[in-house]
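# Tertiary structure, described
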Amino acid sequence: MIGWMAWRLHRRGLIGFGVGGFLASFFYGATFLQAAGTTAASQAAFGRSIDLAARQFAFLVPAPVHPETLGGYEQYKWLAGAAIVMMLWAGIAGVGVGRGDEERGLTEQWIAAGLSRARLLLAPSTAFGLVLLTACLTSVLGIVAVAPSVHQDPNLVGELEKAASMAAGLFAGYAIALAVSQLPAERHTATALGVGVLVLLLVVNGIADTVDAAAWLGVVSPFHWMNETTSGAPGGRFDAGATLGLAAASFLLIAATIPAFRRRDIGRGLITSGRHARAAVRVASRNLALRRVFSEGLWEQRTGLAAWVLGTLFLGALMVSVTRSMTDALLADPQLAALFQRAVPGPVEAAFLGFAWFGIALLVLAGYTVVQVSRWSAQDQGGRVELLLSAPVSRPRVIVERALEFAIGSLIIVAGAYVGGAVSIPFAGLDVDGGRVLVASALLWPFALAFGGLGVAVVSRWPGLAVPFLATFAAVEYFLGDLAPLLRLPAWVANLSVFHLYGNPVVDTPSWTAVLSMTLIFVAGFALALALMRRRDLSGVA
Amino acid sequence: MTVAIETRGLTKDYGGGRGLFDLDLGVAEGEVFGYLGPNGAGKSTTIRLLMGLIHATRGTASIFGLDSMRRSVEVKRLVGYLPGELPQFGGLRGRDIVGHFGALRGGVDQRRVKDIAERFDLDLGLRFREYSSGNKRKLGILLAFMHRPRLLILDEPSNGLDPLNQRELHELVREVRDDGATVFLSSHVLSEVEHVCQRVGIIRHGRLIEVARLEELHRMHVRRVEVGFAGAAQPQLFVGLSGIEDLQADGHRLTFTVRGSFEPVVEALAGHGVVDLVSREPTLEEVFLAHYQDGPKEAQG
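Just so we're clear, the structure is a prediction, and the values are computed from it rather than from any experiment. (Residues numbered from 1 in each chain as written. Chains lettered and ligands numbered in written order. Predicted model: local features only at pLDDT ≥ 70, side-chain atom pairs only at ≥ 80, totals over all residues.)

Helices and strands together make up the secondary structure of chain A, namely 22 helices and 0 strands. Rg of the C-alpha trace for chain A: 24 Å, near the compact-globule value of 24 Å for 542 residues, within the 12% margin. Once the C-alpha set of chain A is aligned to its principal axes, its extents read approximately 75 × 55 × 40 Å. Out of the 542 residues in chain A, the part that is buried amounts to 48%. (Helix = DSSP H or I, 4+ residues; strand = E, 2+ residues; numbered from the N terminus. Rg over C-alpha atoms; globule rule 2.2 N^0.38 Å. Buried ≥ 20, exposed ≤ 12 C-beta atoms within 10 Å, placed from the backbone.)

And the structure:
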């Protein structure tokens, strides 16, 4: 029963993080020798370069342990980042169990059918715990599987211990989000609060890891206890106490959530605010933004869009601010400098900025595209497109307005990325051409449009498949772009990746063929969407 | 007289016997047409074909002479549509949704919006997620009626409405009919259709089996009656009475089915110590079973 529930509720996450995790760790491992070299000296230099880079990101991911080995390299390069992404997944799942089923009216039906509130929390929580454990185990098994082919120790026990520690930490994140989701009245507030608390705990852990005087703060964060286990690397340690403590704390927190769930009304939160009496409104809004489909879409997602823009702007400023210290450290070690220049040629500060900051900006825009496609998919499956078409709105107009909405939304984020980077460059004293930064920022737009074109084509015909397809496609494209140079794949294979097509325009002359290709993908995607939308039958409320 | 809705051989075949088959139907302008059928009969499929939301396997559908799929935008200018269930609008307020759909139709008649919102006691200041199912239905009614369309296509419009609001809806339908609008209304409740419709089409298993004026429908009006007597039940009172079927006596109680007029039943019971009488409307499926037990006959347009 629990196993069925786990599969039924979380099959997409399990496939994404489990199978995706296995493949990612396997392919990262497969390229280890290309990245680190085959001699002990080159691997030691490689390890030093990672140690050096890691210092700049200590607030985000824990310090690497023996990064010159496969286990240490994967623990830092893949598992540390994956744990953060999976923590967001755990948080969203926690809120989903806490409030999502309730919003869909399922909780009411289950309670009416005689299920206890305790069972409504405990059964899906146990199921998600199993899902997490499976996803973490498959993620580390990719490392074990690839180790012999790169002449490294498989370290099976250490990797399993690392997986157990990750699963316990992520389960704690799930329990925290589940508990927090009981507080507010509405689901979207619960989601913001649940995920927000986890992000806060990540920041707290970062502060504790980087500021000695605040080291004590780390004890409140599951990230801190999860990172205590470093057994994925040879010579690392398994903190059994921290792992068991995280698991026990998670179950205690879930148990403590049960009385809170019992205490509150279905559809309301523990914290309720009195509604002020006011006269009923009987007139339609005169908001100009509501006059067009695309402007209504942008206006409806204004808060989310503002968060994307501000987040991108902040990230850009942050990346620019760490560039000088990173490049100074790189240049101080001739071996490292040579290694970096081989991987990312060009003036070192500009090359680093293009590689690090614009690489992240590409991921941000790919993420925005997936979110936007998810929104269209929900609108389509929920009957909103049907209602829209009951007004004098043609099917092609729906597609054109979607294109417009996406183009404007992504352009605003690109503008945020440019402002965040460009404004900070003079303060950071970087030797980077402002014009190049402008071009690199502007080229983020066709990149986003290419993804958007693919997304809208799929969502116009198969709305239910659009999000998993695009998320998988983005992941494959990213890894293809990342691994193609290491695997020395032919140029045409690398060019299949939109990430690779973007290149590094901060140092290289932009490839107008690549820009044209991305624009063509966008145009072809939307043209295909027009054709597909004309032919399909629309579903009503699912 | 102008034809508001016309279908010829309209078919949507989902396979496995599901869908809509060979629908030939005409609804005149100014008419209120009830489209009756049990759940899954093909009512919503018909409506979605008329609205150009799904493609016909074969046959045609036109609204005021315009092909409902090829000239979809022109058709929608003339139509007000209430779907079976409103989609989610999340955090949008009622007034935003009305403003948006009003703008897509070229502008909002605020007086009309105010009138309908007041009649249904609908607060447009609330967020969509705060609306009860009844209020969501009222919002859907407002969206369908607010632009005074020539044709209203309403999919089970009174679902989720309380009796007072159902009465208000029926009144609204009668008003738009008096103003010359055409109404195509689907339902699975016979009595609702009786309140407002002039003509009724009955669909079952995807096929139209009857089209009749309301008065003709009364010949298939069936009631299930249960009578309590002070003494022993007296089934002999109904022997030979026309329209009485399925007579069953049990102690002091007598149950039977009445088809058509109720008058002979009342006359037969008078003066025989009746202490209790319950008459209930049978479900549509029961009506079908009673009326079409010899197999459905095809409608003649």
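Read on for the rest.
Quick look at the overall build of chain B now. Of regular secondary structure, chain B possesses 10 helices and 14 strands. Principal-axis analysis of the C-alpha atoms gives chain B an extent of 70 × 45 × 35 Å. For chain B, the residues scored as buried account for 41% of the 301 residues in total. Partitioning the contacts of chain B with sequence separation of at least 6, the portion at a separation of at least 24 is 69%. (Contact = placed C-beta atoms within 7 Å.)

Here the focus is unusual backbone geometry. Residue and element names in this part refer to chain B. One non-glycine residue with positive phi stands out, namely phenylalanine 64, at about 45 degrees. Secondary-structure assignment places phenylalanine 64 in the loop between strand 4 (58-63) and strand 5 (66-67). One non-glycine residue, histidine 205, lies in positive phi territory at about 50 degrees. Along the chain, the position of histidine 205 falls in the loop between strand 9 (199-204) and strand 10 (207-213).

So, about the pairing of strand 3 (residues 32-36) of chain B. Residues and elements named next belong to chain B. For strand 3, a buried count of 5 out of 5 residues is recorded, marking the element as mostly surrounded by other parts of the structure. Here strand 3 shows a buried face lined by Val32, Gly34 and Leu36 and a second buried face lined by Phe33 and Tyr35. As paired strands, strand 3 and strand 8 (residues 182-187) are joined by 5 bridges and run parallel to one another. When the sheet's bridge partners are listed, valine 32 is paired in strand 8 with valine 183. (Pairing = 2+ DSSP bridges.)

On to the packing of helix 6 (residues 117-146) of chain A against helix 10 (residues 240-263) of chain A. Residues and elements named next belong to chain A. Two elements in contact, helix 6 and helix 10, have axes separated by 9 Å at closest approach and are oriented at 145 degrees. Here the hand of the crossing between helix 6 and helix 10 comes out right-handed. Residues Arg117, Ala118, Leu121, Leu122 and Ser125 of helix 6 form the contact with helix 10, whose own contacting residues are Ile254, Thr257, Ile258, Phe261 and Arg262. Among the residues forming the contact of helix 6 with helix 10, the class breakdown is 6 nonpolar, 2 polar and 2 charged. (Axes fitted to C-alpha atoms, helices over the stretch in contact; angles between N-to-C directions. Left-handed = near helix turned anticlockwise from the far one by under 90°. Nonpolar A, V, L, I, M, F, W, Y, C, P; charged D, E, K, R; others polar.)

This paragraph deals with the domain arrangement of chain A. All names here are of chain A. Domain assignment breaks chain A into domain 1 (2-263) and domain 2 (300-535). At the interface, 14 residues of domain 1 touch 16 residues of domain 2. For the side of domain 1 that touches domain 2, the elements supplying multiple residues, two or more each, are helix 1 (2-30), helix 2 (32-36) and helix 3 (40-56). Broken down by element, the residue count for the side of domain 1 that touches domain 2 peaks at 6 residues, all from helix 3. (Domains from an automatic or database assignment.)

Quick look at the nonpolar core now. As a rule of thumb, nonpolar side chains are buried together in soluble globular proteins. In terms of nonpolar packing, the biggest core is built from 214 residues, with Leu365, Leu444 and Phe447 of chain A together with Val98, Leu142, Ile153 and Phe184 of chain B touching the most fellow members. Per element, the largest residue contribution to this core is 16 residues, and it comes from helix 14 (residues 348-381) of chain A. Sequence-distant contacts of leucine 142 of chain B, defined by excluding residues within four places in its chain, comprise Val98, Val113, Ile116, Ala117 and Leu122 of chain B. (Core = buried A, V, L, I, M, F, W, Y, C linked by C-beta atoms within 7 Å.)

On the chain A side, the residues contacting the 36 residues of chain B number 29 residues. For the side of chain B that touches chain A, the secondary structure elements donating two or more residues are helix 2 (72-78), helix 3 (94-104) and helix 4 (110-119) of chain B. The element contributing the most residues to the side of chain B that touches chain A is helix 3 of chain B, with 9 residues. Across the side of chain B that touches chain A, the residue classes break down as 16 nonpolar, 10 polar and 10 charged.

Glancing now at the domain arrangement of chain B. The domains assigned to chain B are domain 1 (3-213) and domain 2 (221-291). Computed from C-alpha coordinates alone, the two centres of domain 1 of chain B and domain 2 of chain B are separated by 37 Å.

A few words on the sheet that holds strand 1 (residues 3-15) of chain B. Paired through their backbone hydrogen bonds, the strands of a sheet run either parallel or antiparallel. All names here are of chain B. The strand order across the open sheet built from 4 strands is 2-1-4-5, with neighbouring strands paired in antiparallel fashion. Pairing within the sheet leaves two strands with one partner each, and these edge strands are strand 2 (18-28) and strand 5. Bridge count between strand 1 and strand 2: 8 bridges; the pairing is antiparallel. Across the sheet, the residue bridging to glutamate 6 is glycine 26, located in strand 2.

What follows is about the pairing of strand 11 (residues 222-229) of chain B. All names here are of chain B. As defined by bridge partners, strand 11 adjoins strand 13 (residues 253-259) across 7 bridges and the pair is classed as antiparallel. Its bridge partner being in strand 13, valine 227 is matched across the sheet by leucine 254. Bridging between strand 11 and strand 14 (residues 274-280) involves 6 bridges; their strand directions are antiparallel. Of the residues in strand 14, the one forming a bridge with valine 227 is leucine 277.

On to the sheet that holds strand 7 (residues 151-155) of chain B. Residue and element names in this part refer to chain B. Ordered in space as 6-7-8-3-9-10, the 6 strands form an open sheet in which the pairing is mixed. A strand with exactly one partner marks an edge of an open sheet, and here the two such strands are strand 6 (79-82) and strand 10. Averaged over all pairs of adjacent strands, the angle between strand axes in this sheet comes to 15 degrees, irrespective of strand direction. One ladder, built from 4 bridges, connects strand 3 with strand 9; its direction is parallel. Note on strand 9: the bridge partner recorded for leucine 36 is isoleucine 202. Running over the sheet, helix 1 (residues 43-50) touches strand 3, strand 7, strand 8 and strand 9 and is turned about 145 degrees from strand 7. Packing against the sheet, helix 6 (residues 163-178) makes contact with strand 3, strand 7 and strand 8, and its axis sits at approximately 150 degrees to strand 8.

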